[in-house]
Amino acid sequence: MKKHYEDVSPFPSVLEIGARKVKCRLPANQITLVGAIGPYEKGTISKELTVALIDAGFGGVRVERIYKGKDKIVTAFFKVVFNTTTLPQFVRIGYQHYRVSTYIGKPWQCFRCQS
């Protein structure tokens, strides 16, 4: 994966193509990675976890709670968006050590064909 990242890294420096001015950026999956961490107590707030991750050295993270089902039942896991090109294997918050796994969201489903 790193090889592909190095192949596209010069693109953001391109300012024009021919006579047209352009703005280039890396694809979102080259800038951020999404992981899941937990289990946490169900009373934990995502803002508290965000502050703890920033204090642990993971700057610019976004944290969201993972819910289950249509009724949005609270789970003990959080989705964390890291601003890195590689997903960390674990995070250490205070005296706790949490494994980071790859977050796989729900697949999109089309209901157009169902009547």
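Here is what the cut-offs are and how they apply
Residues numbered from 1 in each chain as written. Predicted model: local features only at pLDDT ≥ 70, side-chain atom pairs only at ≥ 80, totals over all residues. Heavy atoms only, no water. Pairing = 2+ DSSP bridges. Helix = DSSP H or I, 4+ residues; strand = E, 2+ residues; numbered from the N terminus. Contact = heavy atoms within 4.5 Å. Axes fitted to C-alpha atoms, helices over the stretch in contact; angles between N-to-C directions. pLDDT = per-residue confidence, 0-100. Polar contact = N/O pair within 3.5 Å; in protein donor to acceptor, adjacent residues only side chain to side chain. Buried < 20%, exposed > 50% of the residue type's maximum accessible area, 1.4 Å probe, protein only. Arc of directions from axis to C-beta. Core = buried A, V, L, I, M, F, W, Y, C linked by side-chain atoms within 4.5 Å. Phe/Tyr/Trp six-rings, centres within 6.5 Å; stacked < 30°, edge-to-face > 60°.

1. Quick look at the sheet that holds strand β3 (residues 33-37)
Strand order in the open sheet formed by four strands is β4-β5-β3-β8, with antiparallel pairing between adjacent strands. Unpaired on one side and paired on the other, β4 (62-68) and β8 (101-102) mark the two borders of the sheet. As paired strands, β4 and strand β5 (residues 73-82) are joined by six bridges and run antiparallel to one another. What sits directly across from Lys 68, in β5, is Ile 73. In this fold helix α3 (residues 46-55) packs onto β3, β4 and β5, with an angle of close to 140 degrees to the strand it touches most, β4.

2. Comments concerning the confidence of the model for the protein
Averaged over the protein, the pLDDT score is 81; the fraction of residues at 70 or greater is 83%. Averaged over each element, pLDDT in the protein is lowest for helix α1 (residues 2-8) (57) and highest for β8 (92).

3. Re the side chain of Thr 75
Within the secondary structure layout, Thr 75 lies in strand β5. Here the side chain of Thr 75 touches Phe 77 through a polar contact of 3.5 Å, landing on its backbone nitrogen. Setting aside anything within four residues of it in sequence, one finds Thr 75 in contact with Lys 42, Arg 65, Ile 66, Tyr 67 and Lys 68.

4. What about the pairing of strand β6 (residues 90-93)?
Only one face of β6 is buried: it carries Val 91 and Ile 93, and the other face, with Phe 90 and Arg 92, is open. One ladder, built from four bridges, connects β6 with strand β7 (residues 96-99); its direction is antiparallel. Residue Arg 92 lies in a different strand from β7, and its bridge partner there is His 97. Hairpin connection of β6 to β7: two residues between the antiparallel strands, including Gly 94 at a positive phi of 65 degrees.

5. Digging into α3
Among the residues of α3, those classed as buried are Leu 49, Thr 50 and Leu 53. Along the axis of α3, the buried positions cluster into a sector of 105 degrees, meaning they face one direction only. Residues of α3 that are exposed and point over 90 degrees away from its buried face: Lys 47 and Asp 55. Buried residues along α3 sit against β3, β4, β5 and β6. Of the residues one or two after α3, Gly 57 is the one with positive phi, at around 105 degrees.

6. Focus: the nonpolar core
In this structure, Ile 37, Leu 49, Leu 53 and Val 91 are the most contacted members of the largest nonpolar core, which totals 14 residues. Among the secondary structure elements, those contributing two or more residues to this core are α3, β5 and β6. Considering every element that reaches this core, the biggest residue donor is β5, with three residues. Dropping the residues within four chain positions of it, Ile 37 is found in contact with Leu 49, Leu 53, Ala 76, Phe 77, Phe 78, Val 80, Val 91, Arg 99 and Val 100.

7. Some thoughts on the packing of aromatic side chains
Taken as a whole, this structure holds three aromatic pairs when the rule is applied. Aromatic side chains Tyr 40 and Tyr 98 sit 4.4 Å apart centroid to centroid with 25 degrees between the ring planes, which places their arrangement in the stacked category. Placement of Tyr 40 in the loop between β3 and α3 and of Tyr 98 in strand β7 is noted, with a sequence separation of 58 residues between them. The buried category is assigned to Tyr 40, whose relative accessible area is 12%. Each ring, one from Phe 58 and one from Phe 82, has its centre 5.5 Å from the other, and the planes form 70 degrees; the classification is edge-to-face. Residue Phe 58 is found in the loop between α3 and β4, and its partner Phe 82 is found in strand β5; the two are separated by 24 residues along the sequence. Phe 82 shares its class with Phe 58; the two are buried.

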